[in-house]
Amino acid sequence: MIACFVALMSAGAGYWQLADSRAKLQAVEWIHDANRLADVAQQASASLAMERGITAAILANPGAAQASMLTEMGRARAAADVFHAQLSAVTDDLARRDGAHPLFSKAQEMRLGQTRMEALRAEVDLRLSGDARGLDAEHWIEVITQQIAGLHDLAAISMQPLRDNRYALGSALVIKDLLFTLSEYAGRERAAIGVVIGRNLPMSAQQWRVMQDQRAVANQARRRAESILAHLPDSPALAQARQRFESDYLGRYETLREQIVASSLASQSYPVDAEQWYRQATVGVNSILGLSSALSSQFEADIARLRSHAITTQGMLILLFFAMAVLLGVAFLAVRHRVLDPLRALESAAATIAGGDLTQALPAQREDELGRLGLAFEAMRQTLLADQRQRERDTEALRKLNALIEQSASAMIVTDVNGMVEYVNTPFTAITGYTLDETLGRKAGFWRSGRTSAAMYRQMWEAILAGKVWEGEMINRRKNSELYWASMTLSPVRDDSSRITHFISVQSDISERRRIEERLSFLSAYDELTGLPNRSRFAERFAGASAEAEHKGTMIGFVAIGIGGFKRINDSLGRDAGDQLLKVIAQRLSECVDENDTVSRHGGTEFVVMSPEVVLRDALLDKVTRIIETLNLPVVIQGERLQPVINAGISLLPNDGAQLDVLLRKATIALHHAERRGLGACLCTDALDQEAQERLALEGALRDSLDAGGLELHYQPKVDLTTGRIVGVEALARWIHPATREQVPPSRFIPIAEESSLIQHLGAWALRQACRQNKAWLDAGLPRMVVAVNLSANQLRQPNLVDTVAEILRETGLAPSLLELELTESALMEDPEQANDVLRRLKALGLRLSIDDFGTGYSSLAYLSRFPVDQLKIDRSFIMQIAADAAAEAISTSVIALAHQMGLRVIAEGVETEAQLAFLIRHGCDEIQGYYYSPPVPAPALAVLLASAKKLVPSRSVVR
């Protein structure tokens, strides 16, 4: 009986060994063919990368493509087609081993991709023939990179083992996958640099960031590959391939790449042309492929030895199996009569137990060997009955636990002590996208993104292997390659002897929370529109820079930069256009400052540059001049060519103060001075600071006076040169400072009102006061005349200007025909279309319109003819010079002739002498205004003048 048992166990062991040997042989064959597939996929990827690089270099400048480059493109296409054909053949060989492997659905996608390649090549040829509808270089690189990524996926999928075969996972493919990644990203870099050289332009900031990201991936793959190579036996062929890799890629390729990048960053000419770069870069990429091929050869030799050993073992196991079978047969015949017949008596009881009925007790047995066996059966029945009841209790508990785990919001993973996944719940699939079949049996962590530091993983393993619970946050990758943040708790599970048997991980997707935290963190330190540091981050950097400047004894420059005319752009093109302009200015500013400088947006249209380590003030001024020249370059937005107007104000630490607020305030003061004076840049001085303080005080006093009614209007008569009578007056604001009781000239307080938006309040007050006064004169029986009130450019832009004027006319009861609004030609030409619309609506009220200071601006005659104006006023600067300046005389006569041709009346302001009057009479001017007849006078004095009916009577010499 013992011999039978031994024979049975030996036969079972032999059969298991035979099956295991067959599995090993199948695994050897699978690894062999998968290795071939990875090789061919890498060769196909390399050929596609070559085609991508040479084609991108040609597309970057099709007109300059040399015949040798076109020939090289044809060879690259042919090589790519050959490797795709080989890839299909190898895939078919693998299909005969496991037709349900996910490899083959991916292979079908690659066959469809080959059809797409023909269409892409046709588009490239179309572009080379001169047709603009063809592919450009960037699109070509993008689609071919996707094709190469598909080949990479195909090679990666081939690493998945055969179903139910634990020997089919080959570690050799890991390093080949790393070399595959390295060659692909080196190929991408070769193509991107080829495009830049072909266009003979420096790399943009976006191109540089993309290249840096790709370089990080390539370097990581190279370091991992070198780490694996260090532990591999070094055959002569592999050593030679490694030497070529170090020489061609790490040596010459890296050196040439650094030279090209340095030339691009310095805006210098490239050391090679596109063709030379492509050929030399290809040598470096080919050295990676050579290293992969050498590895493949070495792995092929190892696989061949493994295959031979597996075949030998299988043959010996087959012989052993037959020997065990013979021994089992002999043993069975020997014990049949001694054992089997007595066992039939227990057959009924055993069948009852096997049927699941554990309630029936076995009959009493004899006191012999079979009787003892019957007692053992009875003991087994009772044990099974107790186990069944315990299983029912455990099953109910497990059902409740399973429901709790499956309905949890967190993903749960259970692994063995080696990290192989044994269980995942449904939320794991929902979070990662991996199904249960795709997860079980794999090494935990295959969802890693590569973005989590190795130090964190070391801390995690140190904690859990020490029996501690580890908690942390990691960046993982879903099946669709999307990254997500996971909050994870990892706990060890111990058995009764305190030995760790499993690990349990509980993970939650916290991506949304992290996105909110990162967004809030960004908004707390950076401007949302431009991405530049905000005031808070600017202040942090100032703290460090000021301490270093004090230590080194250097200065820090602060440059406040403003954009003139920005509101007009916003009003005419919309806020989106204004935002785009701000982004362009921010990008230009970031690109033209030094590396240690800090650029910040402080709201609206004001940017600030902090430039540390300033030694000479003149050097900073030269730098600011260059910045302004760059920012003043035209910008095309929404099809409109915009010309930014940039001004800058400068302050220095420690010259202008030590506190950031003081330095920024003084830089802003200098900026406002530059804007008012039309300067590009202005350095803050004590005089400017004092002037700003005075302007601020004057603004406050003006505001108080407006609120308290502390201003008054004076009126200067307008005289008709035909009748000599007053036909109108111009209302002019006068202000006596409430504290000093001195008269502040309009040339002083009007610009302050313009800058502080008080002009709208002041303008509405002047308009209402002038209309009310004219109506009072009429009611007093004085002659009818037109009162003129000036409108500023700010008032012209008021959306409710027409409604305000109409309301004042209704409120005062003045006839619209007795009101004249004067606008400067520069105000009208800020936005002619908008101004024309407002003028027509004002004209519809029935009032008169006049263009003031005519000849000093830049009016277009085409626009002038469209404006519904009644009168032109010749600027006083020309009138003052007509007796001594031929140019002023010519301009004045031209304005009079032009106005009369257009049916407009002409008035000359600033007339002070008989000579000026004589000139204007001779050339047919309609009206005059000036000190020759009367200065501006208060309303009571003008009433007296009107009542006197004083006429302008020129002398005889004037008439002649």
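Structure first, text after, so check above.
Residues numbered from 1 in each chain as written. Predicted model: local features only at pLDDT ≥ 70, side-chain atom pairs only at ≥ 80, totals over all residues. Heavy atoms only, no water.

Novice: Help me get a handle on the overall build of the protein chain, residues and values and all.
Specialist: Broken down by element type, the protein chain carries 32 helices and 22 strands. Among the 960 residues that make up the protein chain, the fraction classed as buried is 45%. Partitioning the intrachain contacts of the protein chain with sequence separation of at least 6 by distance along the chain shows that 67% fall at a separation of at least 24. Put simply, the protein chain shows about 47900 Å² of open surface, and 54% of that area lies on carbon and sulfur atoms. (Helix = DSSP H or I, 4+ residues; strand = E, 2+ residues; numbered from the N terminus. Buried < 20%, exposed > 50% of the residue type's maximum accessible area, 1.4 Å probe, protein only. Contact = heavy atoms within 4.5 Å. Areas by Shrake-Rupley, 256 points an atom, 1.4 Å probe, with all protein chains shown as cover.)

Novice: Can you explain helix α18 (residues 617-631)? Please cite residues and give values.
Specialist: For α18, spanning 15 residues, the distance from its first C-alpha to its last is 21 Å, which sits close to the expected 21 Å at 1.5 Å a residue. Buried within α18 are the following residues: Leu620, Lys623, Val624, Ile627, Ile628 and Leu631. Each buried residue of α18 sits inside an arc of 140° when the element is viewed along its axis, so together they form one side. The exposed residues of α18 that point more than 90 degrees off its buried face are Asp618, Arg626 and Glu629. Looking at the buried positions of α18, the neighbouring elements they touch are β6 (555-564), α17 (575-592), β8 (607-614), β11 (645-653) and β12 (681-683). (Expected span 1.5 Å × (residues − 1). Arc of directions from axis to C-beta.)

Novice: Explain the pairing of strand β13 (residues 711-720) to me, and be specific about the residues and the numbers.
Specialist: Counting buried residues in β13 gives nine out of ten residues, a clear majority hidden from the surface. Here β13 pairs with strand β14 (residues 726-736) via nine bridges, running antiparallel. Considered in β14, the bridge of Gln716 is made with Glu730. The loop that links β13 with its antiparallel partner β14 comprises five residues; one of these, Gly724, has a positive phi angle of about 80°. Strand direction decides the pairing type here: β13 and strand β22 (residues 937-938), joined by two bridges, are antiparallel. Paired with His714 across the bridge in β22 is Pro938. (Pairing = 2+ DSSP bridges.)

Novice: Help me get a handle on the pattern of salt bridges, residues and values and all.
Specialist: Taken as a whole, this structure holds 36 salt bridges when the rule is applied. Between Arg199 and Glu138 there is a salt bridge; the shortest N-O distance is 2.3 Å. Of this pair, Arg199 sits in helix α5 (residues 172-199) while Glu138 is found in helix α4 (residues 137-157), placing the two residues 61 residues apart along the sequence. Of the residues examined, Glu138 reaches a relative accessible area of 36% and is grouped as partly exposed. Its salt-bridge partner being Lys775, residue Asp779 comes within 2.9 Å of it at the nearest N-O pair. With Asp779 and Lys775 both in helix α22 (residues 758-779), this residue pair falls four residues apart, about one helical turn. Taking the relative accessible area as the measure of exposure, Lys775 reaches 24% and is therefore partly exposed. Several salt bridges converge on common partners, so that one network encompasses Glu51, Arg77, Asp81, Glu118, Arg121 and Asp125. (Salt bridge = Lys/Arg side-chain N within 4 Å of Asp/Glu carboxyl O.)

Novice: Tell me about the pairing of strand β2 (residues 421-424), residues and numbers included.
Specialist: Where strand β1 (residues 411-416) meets β2, three bridges bridge the pair, whose relative direction is antiparallel. Note that in β2 the partner of Ile413 across the bridge is Val424. Between β1 and the antiparallel strand that follows it, β2, lie four residues; Gly419 among them carries a positive phi value of about 90°.

Novice: Requested: an account of the sheet that holds β11, with residues and values cited.
Specialist: Within the open sheet, the five strands sit side by side as β7-β8-β6-β11-β12. Their pairing is mixed. The open sheet is flanked by β7 (598-601) and β12, the only strands paired with a single partner. With direction set aside, neighbouring strand axes in the sheet form an average angle of 20°. With nine bridges joining them, β6 and β11 adopt antiparallel strand pairing. Bridging from a neighbouring strand, Ala560 pairs with Gly649 of β11. Those strands touched by α17 are β6, β7, β8 and β11, and its axis lies near 5° from that of β8. (Axes fitted to C-alpha atoms, helices over the stretch in contact; angles between N-to-C directions.)

Novice: Could you give an account of the sheet that holds strand β4 (residues 483-494), with specific residues and numbers?
Specialist: Pairing in this open sheet of five strands is antiparallel, and the strands run β2-β1-β5-β4-β3 from one edge to the other. On the outer flanks of this sheet lie β2 and β3 (470-477), each paired with one strand and no other. With direction set aside, neighbouring strand axes in the sheet form an average angle of 25°. Looking at chain direction, β1 and strand β5 (residues 500-509) are connected through six bridges and run antiparallel. Within the sheet, the bridge partner assigned to Met412 lies in β5 and is Val506. Helix-sheet contacts for helix α13 (residues 454-465) involve β3, β4 and β5, and the interaxial angle to β3 is about 140°.

Novice: Before we move on, could you go through the packing of aromatic side chains and cite the residues and values that matter?
Specialist: Counting across every chain of the model gives ten aromatic pairs. Taking 5.0 Å as the distance between ring centres and 15° as the angle between the ring planes, the aromatic pair formed by Tyr249 and Tyr253 counts as stacked. Of the two residues, Tyr249 and Tyr253 both sit in helix α7 (residues 236-265), four residues apart, roughly one turn of that helix. Take Tyr249 and Tyr253: they sit in the same class, and that class is buried. Ring geometry for Tyr253 against Trp277: centres 5.7 Å apart, planes inclined by 40°, an arrangement best described as tilted. Of this pair, Tyr253 sits in helix α7 while Trp277 sits in helix α8 (residues 274-344), placing them 24 residues apart in sequence. Trp277 shares its class with Tyr253; the two are buried. Three or more aromatic residues joined by ring pairs make a cluster, and in this case those are Phe245, Tyr249, Tyr253 and Trp277. Lying across the ring of Tyr185, Arg188 places its NZ or CZ 4.4 Å from the centre. (Phe/Tyr/Trp six-rings, centres within 6.5 Å; stacked < 30°, edge-to-face > 60°. Lys NZ or Arg CZ within 6 Å of the ring centre and 35° of its normal.)

Novice: Run through the side chain of Thr145, naming residues and quoting values.
Specialist: Its location among the elements puts Thr145 in helix α4. The class of Thr145 is buried, set by a relative accessible area of 12%. Within polar-contact distance, the side chain of Thr145 engages the backbone oxygen of Ile141 at 2.6 Å. Not counting the four nearest positions on each side in its chain, Thr145 is found in contact with Arg52, Glu184 and Arg188. (Polar contact = N/O pair within 3.5 Å; in protein donor to acceptor, adjacent residues only side chain to side chain.)

Novice: An account of the environment of Asn647 is requested, with residue identities and associated values reported.
Specialist: By the secondary structure assignment, Asn647 is in strand β11. Linking Asn647 and Gly678, residues 31 residues apart in sequence, is a C-alpha distance of 8.0 Å.

Novice: Which residues make up the packing of α22 against helix α24 (residues 801-812), and what values do they have?
Specialist: The geometry of a pair of packed helices is captured by two quantities: the angle between their axes and the separation between those axes. α24 packs onto α22 with a crossing angle of 30° between their chain directions and a minimal axis gap of 9 Å. As far as their axial angle goes, α24 and α22 are roughly parallel. Between α22 and α24 the crossing geometry is right-handed. In this structure, α22 contributes Ala764, Leu767, Arg768, Cys771, Arg772 and Lys775 to the contact, and α24 contributes Val805, Ile808, Leu809, Glu811 and Thr812. Tallied by class, residues from the contact of α22 with α24 come to six nonpolar, one polar and four charged. (Parallel < 35°, antiparallel > 145°, perpendicular 65-115°, else oblique. Left-handed = near helix turned anticlockwise from the far one by under 90°. Nonpolar A, V, L, I, M, F, W, Y, C, P; charged D, E, K, R; others polar.)

Novice: So what's going on with α22? Which residues, and what values?
Specialist: Here α22 spans 32 Å end to end across 22 residues, near enough to the 32 Å set by a 1.5 Å rise per residue. If you check which residues of α22 are buried, you get Leu758, Ile759, Leu762, Gly763, Trp765, Ala766, Leu767, Ala770, Cys771, Gln773, Asn774 and Trp777. In the stretch just after α22, Gly781 is the one whose phi turns positive, near 90°.

Novice: Tell me about the nonpolar core, and name the residues and values.
Specialist: Formed by 80 residues in total, the largest nonpolar core has its most connected members in Leu819, Leu821 and Leu920. Ranked by residues supplied to this core, first place goes to α22 with nine residues. Ignoring sequence-local partners within four residues, the contact set of Leu819 consists of Leu767, Cys771, Val786, Val787, Val789, Val805, Leu809, Leu814, Leu847 and Arg848. Grouped together as the second largest cluster of nonpolar side chains are 42 residues, Leu178, Ile193, Ala225 and Leu295 included. (Core = buried A, V, L, I, M, F, W, Y, C linked by side-chain atoms within 4.5 Å.)

Novice: Tell me about unusual backbone geometry, and name the residues and values.
Specialist: A cis geometry characterises the amide bond from Leu653 onward to Pro654, with omega recorded as 10°. The topology assignment puts Pro654 in the loop between β11 and α19 (660-677). The phi dihedral of Ala949 falls on the positive side, at around 55°, and the residue is not glycine. Within the secondary structure layout, Ala949 lies in the loop between α31 (939-948) and α32 (956-959). On the accessibility criterion, Ala949 (45% relative accessible area) is partly exposed.

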